[in-house]
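Residue strings, one per chain:
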Amino acid sequence: MRLIDDAERRARLARRHALAPQHRVADALAATRAMTVLHATEPATPYLSLFARIDSFTRSDLEDALFESRSLIKQLAMRRTLFVFPRELLPAAVSSPSARVARQEYGRLVKDLERGQVTTDGAGWLAAAREAVLRRLAGGAELSARELREDLAELAGQVSWYEHKPYGTVLHVAPRVLAWLSANGDLVRGRNAGHWRITRPLWTRTDDWLGAPVDRCEESVGYAELVASYLRSFGPVTERDLLWWFGATKGTMRHALSDLHAVQVRLERDQTGWVLPDDVDPEPPVEPWAALLPALDPTALGWKERDFYLAPDFYSAIFDWSGNCGTTAWWDGKIVGAYVQDDAGRVELIVPSDPGPAGRTALQAEAKRLADWFDGEKVTSLYKCPLVTWDRSTAIPRT
């Protein structure tokens, strides 16, 4: 097996993720395709992920792709996470990881509805709710979860959420029903009633939004298509990476690799990785580059085995206890720190180890570029690197 060492993997990352300045791409669709998907759990993340990969990105570029051309679609998929997908991958998503999420959500809803005494027949209640929602949204209507709940008696009811946990609460069931219908491919998040830093989705029927129902395929076919795209973006990847990213079973992932005739390669630290059969040629080096990525960016989260771009002793500074990360600062293919915004929206770099003169200059340039784009607006995130709460004496001064 050919060895793809850490340096070559970082060169692949720089090019394929459109992060090295000379390898940035032209528009939101090209950048999303480069990554396979963008994380969209937090409203600002897709915007900032695209800004890092496009020289002249504006907020309206993403909104046009999502709401006008509809070349990009938000979809609940792997690990019950919200992603931005290129439209051509939506059938594969709805038929495989989203279908898995929909089945899980359906089972939980049935149990919670009956346990919460909303109904004695959870399955029947959900069937009636689905029919009522689709009937109300027929013809292209776009409504918020609250509007649908207030309009439709079939969505009335409250259930406990995270019962017996310190953060447990009682919530309306309607948003969970809409999330299930989205995972199932019946509904899609349409226009945003908020703004780029606040998500208030208006729900609409998928067939109206896209002009036709989503084409379905066999689950194995859907997974194979998504795994192929993931390998193109992130390969080489280990089996553990695949399981982490897709939240699927070993059998499902091995079946997809077999269907794709994926090729094994050697990695450092005595690991074995997988690439597509036409992707085994050596990757040339890339000039050193800097990037600032938002919380939950897929480059930071796309692998479970992260030693080739994150020093093991620095892991606890970047990822929290649940495996999520906040903002990250990158130099020459490695995470070297994070960034924060001050009250005026300016960008402050938190980089504990001196990256040297070239690294400092490149990171400062990216910080200024990002601060200029923010133009005084401040993004808040639930996900913060532990590093940003540590000693700020490690900050690289602004120039």
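Just so it is clear, the structure is predicted and the values come from calculations on it, not from any experiment.

About the thresholds
Residues numbered from 1 in each chain as written. Predicted model: local features only at pLDDT ≥ 70, side-chain atom pairs only at ≥ 80, totals over all residues. Heavy atoms only, no water. Helix = DSSP H or I, 4+ residues; strand = E, 2+ residues; numbered from the N terminus. Contact = heavy atoms within 4.5 Å. Areas by Shrake-Rupley, 256 points an atom, 1.4 Å probe, with all protein chains shown as cover. Expected span 1.5 Å × (residues − 1). Patch = residues over 30% accessible without salt bridge, like charges linked within 9 Å, V, L, I, M, F, W, Y side chains within 5 Å. Salt bridge = Lys/Arg side-chain N within 4 Å of Asp/Glu carboxyl O. Lys, Arg positive; Asp, Glu negative; His and termini not counted. Charge placed at Lys NZ, Arg CZ, Asp CG, Glu CD. Buried < 20%, exposed > 50% of the residue type's maximum accessible area, 1.4 Å probe, protein only. Polar contact = N/O pair within 3.5 Å; in protein donor to acceptor, adjacent residues only side chain to side chain. Pairing = 2+ DSSP bridges. Phe/Tyr/Trp six-rings, centres within 6.5 Å; stacked < 30°, edge-to-face > 60°. Axes fitted to C-alpha atoms, helices over the stretch in contact; angles between N-to-C directions. Parallel < 35°, antiparallel > 145°, perpendicular 65-115°, else oblique. Left-handed = near helix turned anticlockwise from the far one by under 90°.

1. What to know about the overall build of the protein
Next up, step 1: Looking only at helices and strands, one finds 16 helices and 14 strands in the protein.
Next up, step 2: With the principal axes as the frame, the protein shows a C-alpha extent of 65 × 50 × 45 Å.
Next up, step 3: Considering only intrachain contacts with a sequence separation of at least 6, the fraction spanning at least 24 residues in the protein is 66%.
Next up, step 4: When the accessible surface of the protein is split by element, carbon and sulfur atoms take 51% of a total near 17300 Å².

2. Details of helix 7 (residues 122-136)
Next up, step 1: Its 15 residues give helix 7 an end-to-end C-alpha distance of 21 Å, which sits within 8% of 21 Å, the value for a rise of 1.5 Å per residue.
Next up, step 2: Residues of helix 7 that are buried in the fold lie against helix 6 (97-115), helix 9 (174-183), strand 6 (187-192) and strand 7 (201-205).

3. What about a negative patch on the surface?
Next up, step 1: Where like charges cluster on the molecular surface, the negative patch consists of Asp27, Asp61, Asp64 and Glu68.
Next up, step 2: Secondary-structure assignment places aspartate 61 in helix 4 (residues 59-68).
Next up, step 3: Judged by relative accessible area, which is 31%, aspartate 61 ranks as partly exposed.

4. What to know about the side chain of arginine 53
Next up, step 1: When you line up the elements, arginine 53 lands in the loop between helix 3 (45-51) and helix 4.
Next up, step 2: Reaching out from arginine 53, the side chain makes a polar contact with the backbone oxygen of histidine 17 at a distance of 2.8 Å.
Next up, step 3: Once residues within four sequence positions are removed from consideration, arginine 53 is found in contact with His17, Ala18, Leu19, Arg24, Val25, Ala31, Met35, Leu293, Asp297 and Thr299.

5. Here's the deal with the pattern of salt bridges
Next up, step 1: Evaluation of the coordinates by the stated rule reveals 34 salt bridges.
Next up, step 2: Of the charged contacts in the structure, one is a salt bridge between arginine 2 and glutamate 8, with a shortest N-O distance of 2.9 Å.
Next up, step 3: In this structure arginine 2 comes out as partly exposed when scored by relative accessible area, which is 27%.
Next up, step 4: Between aspartate 55 and arginine 24 there is a salt bridge, and its shortest N-O distance comes to 2.8 Å. Taken together, the residues span a long stretch of sequence, with aspartate 55 in the loop between helix 3 and helix 4 and arginine 24 in the loop between helix 1 (6-16) and helix 2 (28-35) at a distance of 31 residues.
Next up, step 5: Taken together, the salt bridges that share partners define one network made up of Arg12, Arg15, Arg16, Asp279 and Glu283.

6. Some words on the environment of alanine 26
Next up, step 1: Within the secondary structure, alanine 26 is located in the loop between helix 1 and helix 2.
Next up, step 2: Put simply, alanine 26 and aspartate 343 are 317 residues apart on the chain and 32 Å apart in space, counted from C-alpha to C-alpha.

7. Re the side chain of arginine 205
Next up, step 1: With respect to the helices and strands, the residue arginine 205 is situated in strand 7.
Next up, step 2: Reaching out from arginine 205, the side chain makes a polar contact with the backbone oxygen of leucine 134 at a distance of 2.8 Å.
Next up, step 3: Here the side chain of arginine 205 touches aspartate 207 through a polar contact of 2.9 Å, side chain to side chain.
Next up, step 4: With residues near it in sequence (within four places) discarded, arginine 205 still touches Leu134, Arg135, Leu137, Ala138, Asp186, Leu187 and Val188.

8. Remarks on the pairing of strand 8 (residues 263-267)
For a regular strand, the rule is simple: side chains alternate between the two faces of the sheet.
Next up, step 1: Summarising the sheet, strand 8 and strand 9 (residues 271-275) pair through five bridges and their orientation is antiparallel. By the bridge assignment, glutamine 264 is partnered in strand 9 with tryptophan 274.

9. Notes on the packing of aromatic side chains
Next up, step 1: This structure, assessed with the given rule, holds 20 aromatic pairs.
Next up, step 2: Each ring, one from tyrosine 223 and one from phenylalanine 246, has its centre 6.3 Å from the other, and the planes form 75 degrees; the classification is edge-to-face. Of the two residues, tyrosine 223 sits in helix 11 (residues 219-234) while phenylalanine 246 sits in helix 12 (residues 239-246), which places them 23 residues apart along the sequence.
Next up, step 3: Classification of tyrosine 223 as buried rests on a relative accessible area of 2%.
Next up, step 4: Residue classification places phenylalanine 246 among the buried residues on the basis of a relative accessible area of 2%.
Next up, step 5: Where tryptophan 303 meets tyrosine 309, the ring centres are 5.4 Å apart and the plane angle is 55 degrees; that geometry is what we call tilted.

10. Examining the packing of helix 6 against helix 7
Next up, step 1: Contact pair helix 6 / helix 7: the axes reach a minimum separation of 8 Å and the direction vectors enclose 110 degrees. Taken together, the axis directions place helix 6 and helix 7 in an arrangement best described as roughly perpendicular. Between helix 6 and helix 7 the crossing geometry is right-handed. Contacts between helix 6 and helix 7 pair Tyr106, Leu109, Val110, Leu113 and Glu114 from the former with Gly122, Ala123, Trp125 and Leu126 from the latter.

11. Details of helix 11
Next up, step 1: With 16 residues, helix 11 ought to run about 22 Å at 1.5 Å a step, and its terminal C-alpha atoms sit 22 Å apart, in line with that.
Next up, step 2: Among the residues of helix 11, those classed as buried are Gly222, Tyr223, Ala224, Leu226, Val227, Ala228, Ser229, Tyr230, Leu231, Ser233 and Phe234.

12. Considerations on the environment of proline 46
Next up, step 1: Within the secondary structure layout, proline 46 lies in helix 3.
Next up, step 2: For proline 46, a relative accessible area of 1% gives the class buried.
Next up, step 3: The spatial distance from the C-alpha of proline 46 to the C-alpha of arginine 59 is 9.9 Å, given a sequence separation of 13 residues.
Next up, step 4: In this view, proline 46 contacts Leu38, His39, Ala40, Leu62 and Val84; residues no more than four positions away in its chain are not counted.

13. Overview of the sheet that holds strand 3 (residues 81-86)
Next up, step 1: Here three strands make up an open sheet; going across it, the order is 1-3-2 and the pairing antiparallel. Each edge of the open sheet carries a strand with a single partner, namely strand 1 (38-39) and strand 2 (72-77).
Next up, step 2: With six bridges connecting them, strand 2 and strand 3 associate as antiparallel partners. Considered in strand 3, the bridge of isoleucine 73 is made with phenylalanine 85.
Next up, step 3: This element, helix 2, spans strand 1, strand 2 and strand 3 of the sheet and lies at about 120 degrees to strand 3.

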